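# Results of the structural survey
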Amino acid sequence: PLQPTAGGAISPAKRPIVVGTTSGVMGDLKVTIDGTDVTDKVAGAGDGIVVSAPKLKDGRHVMAVSYSSDNLFSGGASAEWTFTVDTTPPPLTVNVPVGNGVNTHDVRFAGTAGKASIVKASWAGGSVASQADAGTGAWAMDGRLPEGRVAVRFVATDPAGNTTVRKRALIVDTHKPRLTLG
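Below, the structure is looked at part by part. (Residues numbered from 1 in each chain as written. Predicted model: local features only at pLDDT ≥ 70, side-chain atom pairs only at ≥ 80, totals over all residues. Heavy atoms only, no water.)

## Thoughts on the packing of aromatic side chains
So the rule is basically this: Each aromatic pair joins two rings of Phe, Tyr and Trp (for Trp, the six-membered one) with centres within 6.5 Å, and gets the label stacked for planes under 30 degrees apart, edge-to-face for over 60, and tilted for any other angle. Secondary structure elements are defined from DSSP: runs of H or I of at least 4 residues count as helices, runs of E of at least 2 residues count as strands, and each element is numbered from the N terminus. Only protein chains enter the calculation, and the probe is 1.4 Å; a residue is then buried if its accessible area is under 20% of its type maximum, exposed if over 50%, and partly exposed in between.
In this structure the tally under the stated criterion is three aromatic pairs. Aromatic pair Phe-109 and Trp-123: ring centres 6.2 Å apart, planes at 50°, arrangement tilted. With Phe-109 in strand 11 (residues 106–113) and Trp-123 in strand 12 (residues 118–123), this residue pair connects regions lying 14 residues apart in the sequence. Considered together, Phe-109 and Trp-123 belong to a single accessibility category, that of buried residues. Here the aromatic rings of Trp-139 and Phe-154 are separated by 6.1 Å at their centres, their planes lie at 45°, and the arrangement is tilted. On the criterion of sequence distance, the pair formed by Trp-139 in strand 14 (residues 138–144) and Phe-154 in strand 15 (residues 148–157) is long-range, its members being 15 residues apart. Phe-154 carries the same exposure label as Trp-139, and that label is buried. Clustering of aromatic rings is evident, with ring pairs tying together Phe-109, Trp-123, Trp-139 and Phe-154.

Here it is in structure tokens:
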């Protein structure tokens, strides 16, 4: 399997199931998910197949693929593996500075997200990304923001491809205040 990996997770409505195969012509192809033949839902993709199965229920599934081949080095192949369908968006919390303002261009973003999710922060002119800890879900990263009001968009993408978005507005003000005494 290429996507999801054996033991991995996927949201089939967002990402297709992709299986690497031989570079030769395949014959007698049979693809099953949980014992149900889904060969009619298979399309080719170079040296592999793509399985369209967007309505699989959340939970563990078993996939099996077998075929014969005219490849000189292999007369075919068969494999079986498990994967998990996950269609639930990951949790995402974003901690922002008190008062939503900072007096530096270098800003530390932190929070929690689904375990092993990739969290990306983006704003006009820049972006940074970090992977949430596989045990705790904690993440942190540093971004260099421009002066003024900055809209920052945070996107957490879990290993299955599900996403959660949070938006924050920050004010970056690095100018010293003026004080006039009369």
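## Comments concerning the sheet that holds strand 16 (residues 163–172)
Under the convention used in this document: For two strands to be treated as a pair, DSSP must find no fewer than two bridges joining them.
An order of 10-16-15-12-13 is seen for the five strands of this open sheet, with the pairing classed as mixed. Two strands bound the open sheet, and with one partner strand each, they are strand 10 (101–102) and strand 13 (126–131). Relative to strand 13, strand 12 runs antiparallel, the two being bridged by six bridges. Paired with Ile-118 across the strands is Gln-131, a residue of strand 13.

## Regarding the environment of Ala-9
Inclusion rule: The criterion used for residue contact is that any of the two residues' heavy atoms lie within 4.5 Å.
Counting through the fold element by element, Ala-9 comes out in strand 1 (residues 9–10). Residues Ala-9 and Asp-142, spaced 133 residues apart in sequence, show a C-alpha to C-alpha distance of 29 Å. Residue contacts for Ala-9: discarding those within four places in its chain leaves Pro-4, Thr-84, Pro-159 and Ala-160.

## Some points on the environment of Ser-68
Counted only if it meets this: Polar contact criterion, stated in full: a pair of N or O atoms within 3.5 Å, where within protein one must be able to donate a hydrogen and the other to accept it, and residues adjacent in sequence count only if both atoms are side-chain atoms.
Counting through the fold element by element, Ser-68 comes out in strand 7 (residues 59–69). Through-space distance from the C-alpha of Ser-68 to that of Ser-78 is 8.8 Å; in sequence the pair is ten residues apart. Of the polar contacts made by the side chain of Ser-68, one reaches the side chain of Asp-28; its length is 3.2 Å.

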